[in-house]
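Here is how the chains run, residue by residue.
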Amino acid sequence: MEFKKPPDGGWGWVIVLASLFTQFLCYGSPLAVGVLYIEWLDAFGEGKGKTAWVGSLASGVGLLASPVCSLCVSSFGARAVTIFSGFMVAGGLMLSSFAPNIYFLFFSYGIVVGLGCGLLYTATVTVTCQYFDSRRGLALGLISTGSSIGLFIYAALQRLLIEFYGLDGCLLIVGALALNILACGSLMRPLQSSDCTLPEKIALENVPDRYSIYNEKEKNLEENINILEKTYRGEETCKSTLASGDWKPESLLHKNPTTMAHSKEAETYKKKVAERTYFCKQLAKRKWQLYKNYCEETGALFKNKVFSALFIAIFLFDIGGFPPSLLMEDVARSSNVKEEEFPMPLISIIGIMTAVGKLVLGILADFKWINTLYLYVATLIIMSLALCAIPFAKSYVTLALLSGLLGFLTGNWSIFPYVTTKTVGIEKLAHAYGILMFFAGLGNSLGPPIVGWFYDWTHTYDIAFYFSGFCVLLGGFILLLATLPSWDTCNKQLPKPAPTTFLYKVASNSSNV
């Protein structure tokens, strides 16, 4: 299917607005799950570590399933995936209001809502990239603010709904609001040429040579026909023997015109089956070769020491940096900070400052005199210090200041694609970014339960946040050490094969002499 040239405007701005609202509606509750976390602790009486799995799954499942999400969007389109995922998110939220225990929430809120959010994120980013080229960075920056604004608003909204309607009523209303994703999805018109026709059925002889990785001879097709021919003749012999008791069915074949017509149809059918068999074999071998190439490219990526340090850093960052957005409200309650002292929820402060951080850090990354990688490392080191300072915060003001700082530094997600591009190059960005997002999702899923388990064992958050700060600091130092010797040499591409070809030719000529 041929797509039109990205308009960089026009209906694209409607796509941006629809994508922004989609991320606002789907990520609002999962990112502000800290408000619900406290209510689930009181409602089910489970440990903090076990209860934290609900919010961590909702944030991590979508990243872990990013390859599946990409495949769905490529196969069915952004509009269909958005509408279907809207039902998933809304249904998961409403279903969570009827949860009899915490294990039910693992499925309804953690997996269903989390997977729906992952699908929606992939769909919104994909359709936005289709509509924008020169303004793609601006468009992606705008839609990414939807999740931060959702965190800011939903933190206060969910607390207000719980106060008036209880936890179950809150989830029902938030789920009903998520149904507006269907309206946003209907606006995501696919960008394709109006005069394109449906693709014709592919014949075997029209298949390009690049699909035939193993160039088999045509005798394979003849062999397939011969096998089918023998099988068919054996079946015909058995049928004729059972019907007449005669071992000479050939005479009957020549005498009966109907049988002759049937034989011609059978020959045509056998040839078609043989062609399909041959095509399927070639396609299977192509898929296998693609899988081998993917594994080889993955191995080549991990040979890059900066990339290896980067995946460790993002994994440790999400283990240590994600828990505050989920647990900060409970940290305030554990520090005996009364709710009457809360002019604004701490999670709302994290949300609004995350949006500011994405904008400011994104602007700084555009300056040529700023090394984006060192900027990213600096955010990790400062965040580790802020995490270690949380146990010393015993008032709302200090917790609010630390929440704002942590939220601002969490905005380093906006420069992470820049760092990945500098590390592996633009041609390997999609492959490398998918691997890194998998480890980010793994860290998101493990971080809050680990911090909750520390509290269950020690009955304090002090050691838990020291551990979180150590994880982020370790990831930052590993990445810094991997890049300090030669940042530029890590980004040099492998030499082109031209010199190798020249040397080979010289060697072959000398051998001929």
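Right above here is the structure, for reference.
Only a predicted model underlies this, so the values are computations on that prediction, with no experimental measurement involved.

Student: Help me out: how do you make sense of the packing of aromatic side chains in this one?
Tutor: Each aromatic ring pair is characterised by the separation of its centres together with the angle its planes make. For the structure shown, the criterion picks out 17 aromatic pairs. Summarising the aromatic geometry, the rings of Phe 392 and Tyr 466 are spaced 6.5 Å apart at their centres and angled 55 degrees between planes, so their arrangement reads as tilted. Placement of the pair is Phe 392 in the loop between α15 (372-389) and α16 (396-410) and Tyr 466 in helix α19 (residues 462-483), with a sequence separation of 74 residues. What makes Phe 392 exposed here is its relative accessible area of 63%. For Tyr 466, a relative accessible area of 34% translates into the label partly exposed. The interplanar angle of 50 degrees and the centroid separation of 5.9 Å between the aromatic rings of Tyr 461 and Phe 465 together place this pair among those described as tilted.

Student: I keep staring at the packing of helix α12 (residues 305-321) against α15 and nothing clicks. Help me out?
Tutor: Think of two packed helices as two axes; the pair is described by the angle between the axes and how far apart they sit. The interhelical angle for the contact between α12 and α15, taken along N-to-C directions, is 30 degrees, at an axis separation of 11 Å. Taken together, the axes of α12 and α15 are roughly parallel relative to one another. In the crossing of α12 with α15, the sense of the turn from one axis to the other is left-handed. Note on element contacts: α15 touches α12 through Tyr 376, Leu 380, Met 383 and Leu 387, opposite Ala 313, Ile 314, Phe 317, Gly 320 and Gly 321. Residues belonging to the contact of α12 with α15 are distributed by class as follows: seven nonpolar, two polar and no charged.

Student: What is the right way to read a nonpolar patch on the surface from this model?
Tutor: On the surface, a cluster of nonpolar side chains totalling about 600 Å² of accessible area is made up of Val 356, Leu 359, Val 360, Ile 363, Phe 367 and Trp 369. Mapped onto the elements of the fold, Ile 363 is located in helix α14 (residues 346-365). Exposure remark for Ile 363: the relative accessible area of 45% places this residue in the partly exposed category.

Student: Is there a simple way to explain the environment of Ala 52 in this structure?
Tutor: Counting through the fold element by element, Ala 52 comes out in helix α3 (residues 48-64). Contact partners of Ala 52, with chain neighbours within four places excluded, come to Tyr 37, Leu 326, Pro 448 and Pro 449.

Student: Just checking my understanding: could you explain the nonpolar core for this structure?
Tutor: One broad trend across soluble globular proteins is that nonpolar side chains are buried collectively. In terms of nonpolar packing, the biggest core is built from 97 residues, with Leu 36, Tyr 109, Tyr 376 and Tyr 461 touching the most fellow members. What Tyr 461 contacts, discounting residues up to four positions off in sequence, is Tyr 37, Lys 48, Leu 327, Asp 330, Val 331, Ser 334, Val 451 and Tyr 455. Core analysis: the second largest hydrophobic core is formed by 18 residues, Cys 69, Val 73, Ala 78 and Met 188 among them.

Student: Is there a simple way to think about the pattern of salt bridges in this case?
Tutor: Pairs may arise between side chains of opposite charge once their charged atoms sit close together. According to the stated counting rule, one finds five salt bridges in the structure shown. Salt-bridge contacts for Glu 329 lead to Arg 159; the nearest nitrogen and oxygen are separated by 2.7 Å. Pair noted here: Glu 329 is in helix α13 (residues 323-334) and Arg 159 is in helix α7 (residues 136-178), with a separation of 170 residues, a long-range link. On the basis of relative accessible area, Arg 159 is assigned to the partly exposed category, the value being 24%. Between Arg 333 and Asp 330 there is a salt bridge, with the nearest N and O atoms lying 3.3 Å from each other. Placement of the pair is Arg 333 and Asp 330 together in helix α13, with a separation of three residues, close to one helical turn. Among the charged side chains, a salt-bridge network with shared partners connects Asp 42, Lys 48, Asp 330 and Arg 333.

Student: Just checking my understanding: could you explain helix α2 (residues 33-44) for this structure?
Tutor: Residues that lie three or four places apart on an α-helix share one face, since the helix turns once every 3.6 residues. End to end, α2 covers 16 Å across twelve residues, agreeing with the expected 16 Å (1.5 Å per residue, within 8%). Those residues of α2 that fall on the buried side of the exposure criterion are Val 33, Gly 34, Val 35, Leu 36, Tyr 37, Ile 38, Trp 40 and Leu 41.

Student: Looking at this structure, how should I read unusual backbone geometry?
Tutor: Residues other than glycine predominantly adopt negative phi, and peptide bonds predominantly adopt the trans conformation. With a phi close to 60 degrees, His 459 is a non-glycine residue in the positive phi region. Secondary-structure assignment places His 459 in the loop between α18 (429-458) and α19. The exposure class assigned to His 459 is exposed, which follows from its relative accessible area of 62%.

Criteria and cut-off values
Residues numbered from 1 in each chain as written. Predicted model: local features only at pLDDT ≥ 70, side-chain atom pairs only at ≥ 80, totals over all residues. Heavy atoms only, no water. Phe/Tyr/Trp six-rings, centres within 6.5 Å; stacked < 30°, edge-to-face > 60°. Helix = DSSP H or I, 4+ residues; strand = E, 2+ residues; numbered from the N terminus. Buried < 20%, exposed > 50% of the residue type's maximum accessible area, 1.4 Å probe, protein only. Axes fitted to C-alpha atoms, helices over the stretch in contact; angles between N-to-C directions. Parallel < 35°, antiparallel > 145°, perpendicular 65-115°, else oblique. Left-handed = near helix turned anticlockwise from the far one by under 90°. Contact = heavy atoms within 4.5 Å. Nonpolar A, V, L, I, M, F, W, Y, C, P; charged D, E, K, R; others polar. Patch = residues over 30% accessible without salt bridge, like charges linked within 9 Å, V, L, I, M, F, W, Y side chains within 5 Å. Areas by Shrake-Rupley, 256 points an atom, 1.4 Å probe, with all protein chains shown as cover. Salt bridge = Lys/Arg side-chain N within 4 Å of Asp/Glu carboxyl O. Core = buried A, V, L, I, M, F, W, Y, C linked by side-chain atoms within 4.5 Å. Expected span 1.5 Å × (residues − 1).

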